[in-house]
Amino acid sequence: MAYENTDGGTGATGGTEPGTSDSLRTFGAVVQALREHKGLSREEFAALVGYSKHTVASVEQGRRMPDQDFVDRAEPVLGNTGALRKAAPHLSRQAGLASWFRQWARLEATAISLYTYECRVVPGLLQTEAYARAVSLDVPPLPDPEELEQRIAARLARQKLLAVTRKPPTAFSFIVEQAVLERCTGEDEVTRELLDHLVGLIERNWNVEFQVMPTRRPSHAGLDGPIMLAETPENRWFAYSEGQQNGRLIAHTREISLLQQRYAKLRSQALNPEDSLGLLKRLRGAL
């Protein structure tokens, strides 16, 4: 998003920088230690390896995956220890997911129940590739092509969680504002594909409950924004809150209880699953 990530929005997805990892942070610390041992400032080292000081800073702070050229240039400057060449093949990052979303993504991967209310975009678990691309390109700053593909791939890869063949399959509840579906993000063709995808998913996946919150709704429990709730195999609940350029994992039982009350109210206020499916088909027929 950006939100992505976040789950559904643009950056995740933004704060669009993909999440770092322990291996990247460790590699960066080694580069910095070797540079300082050589008595080089960041600017001096950057000039010697032919990269900007900002790129060097990103590598040292574990925010950037160094390419092979960086490793090959840095080794002789830092003493030809071989440490960077040996470490480079083991580097990894959780590409495409915003750093603040990674904790939630780990919970999501093993959750037995996942509840999502969304008023901004179609949730990431329900997006098509074309829709994910459209929302990723809507909100500045524009991602570079590599980052865009990583973001989309990460979002689509998460959709395997919807499979009914998982043991046990996760129970999903989605509530999405009607206005989100009628916004026509990406123009008519993208929306037609999205609506076809949603209808097919709902009809195939008995573990997915989908409800539409109608546009005309005088009483609405979701005015404070999106809600995401997850139940672990140990029956513990967590929540996730996301906004502009930030996200927060919620573990406090009082806050979670409040969000569960709101979500329960939203379920009673939204169209029931049968009427929601009928509305999706009517929206599709009108395009």
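It should be emphasised that the depicted structure is a prediction, and the values quoted were computed from it without experimental measurement.

## Examining the overall build of the protein
Secondary structure summary: the protein contains twelve helices and six strands in total. Put simply, the protein has 287 residues, and 51% of those count as buried. With an accessible surface of roughly 13600 Å², the protein has 52% of that area assigned to carbon and sulfur atoms.

## Observations concerning helix α8 (residues 145-157)
Look at α8: 18 Å from first C-alpha to last across 13 residues, which is about the 18 Å you get at 1.5 Å a residue. Those residues of α8 lying buried are E147, L148, Q150, R151, I152, A154 and R155. Next to the buried residues of α8 lie α7 (129-138).

## Regarding the confidence of the model for the protein
Per-chain confidence: the protein averages 87 in pLDDT, with 89% of residues scoring 70 or above. Here residues 1-6 is modelled with pLDDT under 50, and outside its nearest four sequence neighbours on either side it reaches 56 contacts, counting other chains as well. This model gives residues 10-18 a pLDDT under 50, and the stretch forms 57 contacts once residues within four places in sequence are excluded.

## With respect to the environment of E129
Inspection of the secondary structure assignment puts E129 in helix α7. In this structure E129 comes out as partly exposed when scored by relative accessible area, which is 41%. Other than its neighbours up to four places away in sequence, E129 contacts I152 and L156.

## Some points on the pattern of salt bridges
Applying the stated rule across the entire model yields 16 salt bridges. Measuring nitrogen to oxygen at the nearest pair gives 2.8 Å for the salt bridge that ties E118 to R120. Its relative accessible area of 14% is what places R120 among the buried residues.

## A closer look at the environment of V31
The residue V31 is located in helix α1 (residues 22-37) in this model. Owing to a relative accessible area of 0%, V31 belongs among the buried residues under this scheme. Considering only alpha carbons, one finds V31 and E60, 29 residues apart in sequence, at a separation of 6.2 Å. Residues contacting V31, with those up to four places away along its chain left out, are F45, E60, L78 and L84.

Cut-offs applied
- Residues numbered from 1 in each chain as written.
- Predicted model: local features only at pLDDT ≥ 70, side-chain atom pairs only at ≥ 80, totals over all residues.
- Heavy atoms only, no water.
- Helix = DSSP H or I, 4+ residues; strand = E, 2+ residues; numbered from the N terminus.
- Buried < 20%, exposed > 50% of the residue type's maximum accessible area, 1.4 Å probe, protein only.
- Areas by Shrake-Rupley, 256 points an atom, 1.4 Å probe, with all protein chains shown as cover.
- Expected span 1.5 Å × (residues − 1).
- Contact = heavy atoms within 4.5 Å.
- pLDDT = per-residue confidence, 0-100.
- Salt bridge = Lys/Arg side-chain N within 4 Å of Asp/Glu carboxyl O.

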